[in-house]
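As a plain string of letters, each chain reads:
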Amino acid sequence: MVVGLALVGATAGALRGCEAVQNTSTCGSAGFPLLVVIVVLMIVLGSVLLRMFEVPDPGSTSFLAVGLVSVVALLFFIEVIDAWWMIIAIPAVSVLAYLLSHWVTTTFIEPVE
């Protein structure tokens, strides 16, 4: 949930920042690198939180979960990504993505001995 809310906040903040700097609702050529930075920061945030709760393989779990959230957002929510209810939808999808990625990493990755 925390990563989903941070993802929504960082993306909205980046869009508002681009709008303030460039007087347009898109970021132009800075948009893609900005999104990459946001995704990397969310992976790191998720990994740190999972490590705090001693979840096995926190980096892989967070990487997979943030990737899943990104894919779901692009596949199903791209037309309504700036709707107010994305504040609810993206964190909910992130919870499901983290649960699924935790299951995948604990089921299919062998523990280090």
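Residue positions are given per chain, counting from 1 as you read along its sequence in written order. For this predicted model, a pLDDT threshold of at least 70 governs which residues receive local features, and a threshold of 80 or more governs which side-chain atom pairs are given and counted, while totals over whole chains, interfaces and linings are taken from all residues. As a rule here, side-chain values cover all heavy atoms of the structure and leave hydrogens and water aside.

> What am I meant to see in the domain arrangement of the protein here?
Interfaces are often sized by the amount of accessible area the parts lose when they come together. The domains assigned to the protein are domain 1 (1–54) and domain 2 (57–112). The split into domains, and so the bounds of each, comes from an automatic or database assignment of domains. Averaged C-alpha coordinates put domain 1 and domain 2 at centres separated by 14 Å. Working rule for contacts: check all heavy atoms of both residues, and any pair within 4.5 Å makes them a contact. Opposite the 13 residues of domain 1 that make contact, domain 2 presents 15 residues. For the pairing of domain 1 and domain 2, the buried interface totals around 1100 Å² over both sides, and the portion due to carbon and sulfur atoms is 83%. Using a 1.4 Å probe, buried area is obtained as the accessible area two parts lose upon being combined, added over both of them. Of all residues in domain 1, V8, I43 and L50 bury the most surface against domain 2, accounting for 40% of the area lost on that side.

> In this structure, what is going on with the packing of helix 3 (residues 58–76) against helix 4 (residues 86–108)? I would like to understand it.
Here, axes are lines fitted to C-alpha atoms. For helices the fit covers the stretch in contact, and angles between N-to-C directions go from 0 to 180 degrees. Runs of H or I in DSSP of at least four residues are treated as helices and runs of E of at least two as strands, each being numbered from the N terminus. Running from N to C, helix 3 and helix 4 point in directions that differ by 135°, and their axes come no closer than 8 Å. In terms of orientation, helix 3 and helix 4 fall into the oblique class. As for the relative orientation of helix 3 and helix 4, their crossing is right-handed in sense. Every residue of helix 4 that contacts helix 3 at S60, T61, S62, L64, A65, V66, L68, V69, V72 and A73 is listed here: I90, V93, S94, A97, Y98, L100, S101, H102, V104 and T105. In this classification, the charged set is Asp, Glu, Lys and Arg, the nonpolar set is Ala, Val, Leu, Ile, Met, Phe, Trp, Tyr, Cys and Pro, and all remaining amino acids, among them Gly, are polar. Split by residue class, the contact of helix 3 with helix 4 holds 13 nonpolar, 7 polar and no charged. Here roughly perpendicular refers to angles of 65 to 115 degrees, roughly parallel to angles under 35, roughly antiparallel to angles over 145, and oblique to all remaining angles. The hand of a helix crossing depends on one turn: near helix anticlockwise from the far one by less than a right angle means left-handed, and clockwise means right-handed.

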